[in-house]
Amino acid sequence: MGSDSGQPRGQWNSGTGFILAAAGSAVGLGNIWKFPYITGENGGGAFVGVYLLCILLVGVPVMIAEILLGRATRSSPVRAFQVQTPRSPWIGVGMIGVLAAFLLMSYYSTVAGWALHYTYLSVTNSIHGAGAEQVQGMFESLTSSPLVGVVWQVVFIVITVLLAVAGVSKGIERCGLVMMPGLFVLLVILLGKAMTMPGWGDGFDFIFGMRFDNLTAAGVLEALGHSFFTLSLGMGAMITYGSYLRRKDDLVSASLATAATDTVVALVASMVVFPIVFTFGLEPGAGPGLLFVTLPTALAQMTGGAVLSVVFFVMLVFGAVTSGIAMVEVIAAFMIDDFGMGRRKACLIGGAGVTLCGIPATVSAIWFGRVDYLVSNWLLPLGGLGIALYVAWKMDRALRRNDFGSGSALAKGYGIWLWGLKFPVPVCIGLVFLHAVGLI
Ligand code: PHE
């Protein structure tokens with residue numbers, strides 16, 4: 001089907017290609033960098049349990065809703081709301097999504113740049129053998145000399161923009177088909193090593209042992225916010241990817257497969273990080289520096305650490321690229337659909353804008369923290385709430401039902417899904433907002 005700009009609309013070549021692209025967008029720094037460190041900060045176990053509940057009860061229904069809205073309207077986030085309800089305030093939900101994608105990419109690229117830098121350090125064997133202070137110094141010099149950080153950030157943005165320019169099936173789908181299996185293989189290698197380490201038992205207990213006294217209300221808010229972040233929800237990435245999905249493909253099974261892959265990768269990544277951290281008696285609650293200071297400190301001392309750190313950071317880069325490309329695609333698809341721009345131009349302008357707004361995040365940790373807080377705890381849940389309410393209460397019923405069942409082996413789940421989307425999902429997100437503003 002053509003878009004308004006008169007260009008043919010991209011399409012995934014296969015159902016598997018779509019799942020790998022969607023899983024590629026979901027699996028990223030959120031799983032390998034953020035999940036382990038927020039689990040560490042929230043004391044492990046119980047937090048992981050709440051997070052799993054959030055994924056299942058809130059994340060999966062919203063993911064189905066997003067993909068469905070994209071496929072049914074064949075549109076990017078803002079236009080998806082215009083198609084059925086033109087000139088209505090619902091368009092604001094799509095706008096929040098595009099804004100979130102833009103802001104998210106602006107600081108995601110900072111961390112992805114660090115991952116590229118550490119890959120470089122690993123490949124040139126600069127980490128192995130270094131003492132704890134030297135490793136600490138490497139991270140400090142990276143974050144205090146903005147030029148190096150900014151150069152790697154720009155390299156990352158250029159890579160993702162070029163892949164998006166190549167198009168839906170030739171760029172994004174191919175990238176998922178290569179990088180996702182690559183990421184799984186690297187992760188399994190690391191897991192194999194972690195299992196042989198003395199800290200394996202402690203690490204495992206830290207992730208799965210239920211310690212409810214460590215769980216705070218703020219932790220619950222963080223778990224919900226993170227379930228949106230990690231599944232790439234609330235900013236229209238899945239609307240956009242869904243808009244390229246063929247009618248014959250099974251979107252319900254694809255959503256479940258995507259959420260399951262994402263969850264398994266987050267848990268396995270933690271099962272790699274914590275045993276290593278505990279083996280060397282390091283601090284699990286080290287915060288954002290967990291992967292860039294704590295882990296390299298351990299890798300520097302480990303036998304085989306030189307190779308393992310290459311494996312680890314290449315895996316992190318793969319995750320970051322397949323996610324970053326989704327953010328660029330949301331911004332580009334918006335400009336293609338709503339302003340009739342060509343793909344190349346839209347990607348280049350989007351990339352340039354993100355670079356300009358992204359540099360402050362690399363230069364200032366305070367700015368970085370604020371934008372992350374705004375996006376993860378407010379914009380993504382708000383976007384997710386808007387999408388859930390729209391699909392559940394406003395969207396044309398016949399269109400919704402048809403699209404849910406189209407190509408689906410799980411068409412019978414329609415009633416449960418819709419019920420979940422109408423009641424528990426908005427209530428859960430609403431409670432979190434009330435807590436965030438201090439009303440409960
Ligand atoms: N899900 C990605 C991650 O876990 C982040 C992301 C959010 C990507 C939203 C695209 C859209 O790293």
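Residues numbered from 1 in each chain as written. Predicted model: local features only at pLDDT ≥ 70, side-chain atom pairs only at ≥ 80, totals over all residues. Heavy atoms only, no water.

Chemist: Let's hear about the overall build of the chain: which residues, and what values?
Modeler: Each helix and strand counted, the chain has 19 helices and zero strands in total. A compact globule built from 440 residues should have a C-alpha radius of gyration of about 22 Å, and the chain, at 21 Å, falls within 12% of that. Here the C-alpha coordinates of the chain stretch approximately 60 × 45 × 40 Å along the principal axes. Taking all 440 residues of the chain together, 60% fall into the buried category. Considering only contacts in the chain between residues 6 or more positions apart, those separated by 24 or more positions represent 84%. Only carbon and sulfur atoms are counted for the fraction: they give 68% of the accessible area of the chain, which is about 16,100 Å². Taking the average place of the 23 positive charges on the side chains of the chain and the average place of its 20 negative ones, the gap between the two points comes to 15 Å. (Helix = DSSP H or I, 4+ residues; strand = E, 2+ residues; numbered from the N terminus. Rg over C-alpha atoms; globule rule 2.2 N^0.38 Å. Buried < 20%, exposed > 50% of the residue type's maximum accessible area, 1.4 Å probe, protein only. Contact = heavy atoms within 4.5 Å. Areas by Shrake-Rupley, 256 points an atom, 1.4 Å probe, with all protein chains shown as cover. Lys, Arg positive; Asp, Glu negative; His and termini not counted. Charge placed at Lys NZ, Arg CZ, Asp CG, Glu CD.)

Chemist: Tell me about the state of the cysteines, and please be specific about residues and values.
Modeler: In total, this model carries zero disulfides according to the counting rule given. In this structure C357 is not part of a disulfide, and its nearest cysteine sulfur, from C347, lies 17 Å away. Using a relative accessible area of 35% as the deciding quantity, one classes C357 as partly exposed. Of all cysteine sulfurs in the structure, the one in C54 sits closest to C428, which takes part in no disulfide; the separation is 7.2 Å. (Disulfide = S-S within 2.5 Å.)

Chemist: Which residues make up the confidence of the model for the chain, and what values do they have?
Modeler: Mean pLDDT over the chain works out to 93, with 98% of the residues at or above the 70 mark. Mean pLDDT per element in the chain: helix α19 (residues 424-436) is the minimum at 85, and helix α11 (residues 237-242) is the maximum at 98. Counted against residues more than four places away or in other chains, residues 1-5, with its pLDDT under 50, gives 14 contacts. (pLDDT = per-residue confidence, 0-100.)

Chemist: Go over the site of the ligand, please, and point to the residues and values.
Modeler: Looking at the ligand, there are 14 residues lining it, with A26, G30, Y108, F229 and S232 nearest. Y108 is positioned with one of its side-chain polar atoms (N or O) 2.6 Å from an oxygen atom of the ligand. Top element by residues in the shell around the ligand is helix α2 (residues 29-41). It accounts for three residues. (Near = heavy atom within 4 Å. Polar contact = N/O pair within 3.5 Å; in protein donor to acceptor, adjacent residues only side chain to side chain.)

Chemist: Break down a nonpolar patch on the surface for me, with residues and values.
Modeler: On the surface, a nonpolar cluster with roughly 580 Å² of combined accessible area is contributed by V427, L431, L434, V437, L439 and I440. The topology assignment puts V427 in helix α19. (Patch = residues over 30% accessible without salt bridge, like charges linked within 9 Å, V, L, I, M, F, W, Y side chains within 5 Å. Salt bridge = Lys/Arg side-chain N within 4 Å of Asp/Glu carboxyl O.)

Chemist: Can you lay out the nonpolar core for me, pointing to particular residues and giving the numbers?
Modeler: Nonpolar side chains in soluble globular proteins tend to end up buried together. Residues F292, F312 and W417 are the most contacted members of the largest nonpolar core, which totals 159 residues. Here this core takes 20 residues from helix α14 (residues 305-339), the largest share from any one element. If we ignore the near neighbours within four places in the chain, the residues touching W417 are P61, I64, A65, L68, V391, R400 and F404. (Core = buried A, V, L, I, M, F, W, Y, C linked by side-chain atoms within 4.5 Å.)

Chemist: Go over the packing of helix α13 (residues 294-301) against α14, please, and point to the residues and values.
Modeler: It is the contact of α13 with α14, at a shortest axis distance of 7 Å, that shows an interaxial angle of 145°. Note on packing geometry: the crossing formed by α13 with α14 is right-handed. Facing α13, whose interface residues are L295, P296 and L299, α14 presents G305, L308, S309, F312 and F313. (Axes fitted to C-alpha atoms, helices over the stretch in contact; angles between N-to-C directions. Left-handed = near helix turned anticlockwise from the far one by under 90°.)

Chemist: Pulling in residues and values, what's your account of the pattern of salt bridges?
Modeler: Across all of its chains, the model carries seven salt bridges by this definition. For D372, the salt bridge identified is with K34, shortest N-O distance 3.2 Å. Of this pair, D372 sits in helix α16 (residues 365-394) while K34 sits in helix α2, placing them 338 residues apart in sequence. Taken as a pair, D372 and K34 share a single burial class, namely buried. Close ionic contact of R247 with D403 constitutes a salt bridge, the shortest N to O distance being 2.8 Å. Of this pair, R247 sits in the loop between α11 and α12 (251-279) while D403 sits in helix α17 (residues 397-405), and the two are 156 residues apart along the sequence. Since its relative accessible area comes to 38%, R247 is described here as partly exposed.

Chemist: Quick rundown of α17? Include the residues and the values.
Modeler: Burial in α17 covers these residues: R400, D403 and F404. For α17, the angular spread of buried residues about the axis comes to 100°, placing them on one side. The inward-facing, buried residues of α17 abut α3 (45-73), α12, α16 and α18 (414-422). The distance from a side-chain oxygen at the start of α17 to the backbone nitrogen of A398 is 3.4 Å, and the residue carrying that oxygen is D396. Note on α17: the residue one or two positions beyond its end, G407, has a positive phi of about 75°. (Arc of directions from axis to C-beta.)

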